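# Structural characterization, general
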Amino acid sequence: LKPMDHIVANGLGNYSTAFRSYWSHFDVGYSFGTFSLGPEIGFMGNKEYNEVRYGGKVGDIDLGFANTALHVGYVASNRNGSDGAYGEIGFNKNF
């Protein structure tokens, strides 16, 4: 989604009645042409735990064969010892 010139926004999520599981991810960024940069937030959990992820994303990096995005941030969880840093790399290709 591009609500304005140079602004990109994404949102994904799902919910399952099995174990009341859910997952969602939202980010917004500024496009510099060859990449975008901005904050992100995510929520996930089930009837056993809940987790929130706060961080940043560098995305829309064209590798030629695919686009990539890098995510880093902090996880806050209601499970003891589960708080800490996270990192992720993702790839996508439009057909």
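Above this text sits the structure in question.
Residues numbered from 1 in each chain as written. Predicted model: local features only at pLDDT ≥ 70, side-chain atom pairs only at ≥ 80, totals over all residues. Heavy atoms only, no water.

## Overview of the environment of glutamate 88
Inspection of the secondary structure assignment puts glutamate 88 in strand β6 (residues 84–92). Among the residues examined, glutamate 88 registers a relative accessible area of 43% and is labelled partly exposed. In this structure the C-alpha to C-alpha distance between glutamate 88 and isoleucine 41, which are 47 residues apart in sequence, comes to 13 Å. Excluding its chain neighbours within four sequence positions, the residues that come into contact with glutamate 88 are Ala69, Leu70 and His71. (Helix = DSSP H or I, 4+ residues; strand = E, 2+ residues; numbered from the N terminus. Buried < 20%, exposed > 50% of the residue type's maximum accessible area, 1.4 Å probe, protein only. Contact = heavy atoms within 4.5 Å.)

## Brief notes about the sheet that holds strand β1 (residues 7–16)
One open sheet holds the 6 strands; their spatial order is β1-β2-β3-β4-β5-β6, and the pairing between them is antiparallel. The open sheet has two edge strands with one neighbour each: β1 and β6. When strand polarity is set aside, the average angle formed by the axes of neighbouring strands in this sheet is 15 degrees. Across 9 bridges, the pairing between strand β5 (residues 67–77) and β6 is antiparallel. When the bridges of β6 are listed, tyrosine 74 appears paired with alanine 85. (Pairing = 2+ DSSP bridges. Axes fitted to C-alpha atoms, helices over the stretch in contact; angles between N-to-C directions.)

## Quick notes on a nonpolar patch on the surface
Taken together, the side chains of Leu63, Phe65, Leu70, Ile89 and Phe91 define a hydrophobic patch exposed on the protein surface, amounting to about 520 Å² of accessible area. In this structure, leucine 70 sits in strand β5. Taking the relative accessible area as the measure of exposure, leucine 70 reaches 40% and is therefore partly exposed. (Patch = residues over 30% accessible without salt bridge, like charges linked within 9 Å, V, L, I, M, F, W, Y side chains within 5 Å. Areas by Shrake-Rupley, 256 points an atom, 1.4 Å probe, with all protein chains shown as cover. Salt bridge = Lys/Arg side-chain N within 4 Å of Asp/Glu carboxyl O.)

In short, geometric facts, not functional conclusions.
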